[in-house]
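Observations on the three-dimensional arrangement
Spelled out, the chains give:
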Amino acid sequence: MIEITNKASSMSKKVKPRTLKHQLGTEYSALFQDGINTQLNEYSVTFTDTSSAIATLNSTLDSLDGTTPFKWNPYVDLIPSSSPLTFTCEEWTSQKDSPGKSTLSATFIQQADFS
């Protein structure tokens with residue numbers, strides 16, 4: 001499995017656990033987890049680097065075509081010993097900022113890792 005080792009220059013994390021709500025009457029309800037792996041996160045990430053590094057990252061995402069999972073560690077700066085997680089990326093944009101510098105913005109969607 002391909003591992004993306006680029007460090008994000010900015011990142012935000014969206015968490016929305018999958019739940020089921022069972023309503024009993026008007027005054028009581030119960031929430032339950034909806035299956036296994038109910039809290040898979042979504043990361044909006046921005047990479048700012050040399051144009052060459054961004055071109056390589058763009059080519060890597062192109063080759064994965066939105067369907068192939070890859071490894072990436074969102075916490076490498078905070079917890080260097082943490083392990084990479086499994087993601088897919090269905091959309092990204094890149095732009096040239098200045099001579100020699102480019103930016104790539106993407107949404108990485110965490111996938112269940114059964115390995």
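Located above this text is the structure these notes cover.
Rules used in this analysis
- Residues numbered from 1 in each chain as written.
- Predicted model: local features only at pLDDT ≥ 70, side-chain atom pairs only at ≥ 80, totals over all residues.
- Heavy atoms only, no water.
- Helix = DSSP H or I, 4+ residues; strand = E, 2+ residues; numbered from the N terminus.
- Buried < 20%, exposed > 50% of the residue type's maximum accessible area, 1.4 Å probe, protein only.
- Phe/Tyr/Trp six-rings, centres within 6.5 Å; stacked < 30°, edge-to-face > 60°.
- Pairing = 2+ DSSP bridges.
- Core = buried A, V, L, I, M, F, W, Y, C linked by side-chain atoms within 4.5 Å.
- Contact = heavy atoms within 4.5 Å.

Positive phi, close to 45°, is recorded for Asp65, a residue that is not glycine. Mapped onto the fold, Asp65 is located in the loop between helix H1 (51–64) and strand S6 (70–72). By relative accessible area, which is 52% here, Asp65 ends up exposed.

This paragraph deals with the packing of aromatic side chains. Per the stated rule, a full pass over the model turns up 10 aromatic pairs. A centroid spacing of 6.1 Å and a plane angle of 80° characterise the contact between Tyr43 and Trp72, whose relative ring orientation is edge-to-face. Taken together, the residues span a long stretch of sequence, with Tyr43 in strand S5 (residues 42–50) and Trp72 in strand S6 at a distance of 29 residues. For the pair formed by Tyr43 and Trp72, the shared burial category is buried. The rings of Tyr43, Phe47, Phe70, Trp72, Tyr75, Phe87 and Phe108 are connected pair by pair, giving a single aromatic cluster.

Before going further, it helps to examine the sheet that holds S5. The strand order across the open sheet formed by 6 strands is S1-S6-S7-S8-S5-S2, and the pairing between neighbours is mixed. Every other strand in the sheet has two partners, leaving strand S1 (3–4) and strand S2 (10–14) as the edge strands with one partner each. Where S6 meets strand S7 (residues 85–98), 3 bridges bridge the pair, whose relative direction is antiparallel. Bridging from a neighbouring strand, Phe70 pairs with Phe87 of S7.

With that settled, the discussion passes to the nonpolar core. Of all hydrophobic cores here, the largest spans 15 residues; its most connected members are Phe47, Leu61, Phe70, Trp72 and Phe108. Of all the elements in the fold, those that place two or more residues in this core are S5, H1, S6, S7 and strand S8 (101–110). If one sorts the elements of this core by residue count, H1 sits on top with 4 residues. Setting aside residues up to four positions removed in sequence, Phe47 forms contacts with Asn6, Lys7, Ala8, Ser9, Ile54, Leu57, Trp72, Ser102, Thr103, Leu104 and Phe108.

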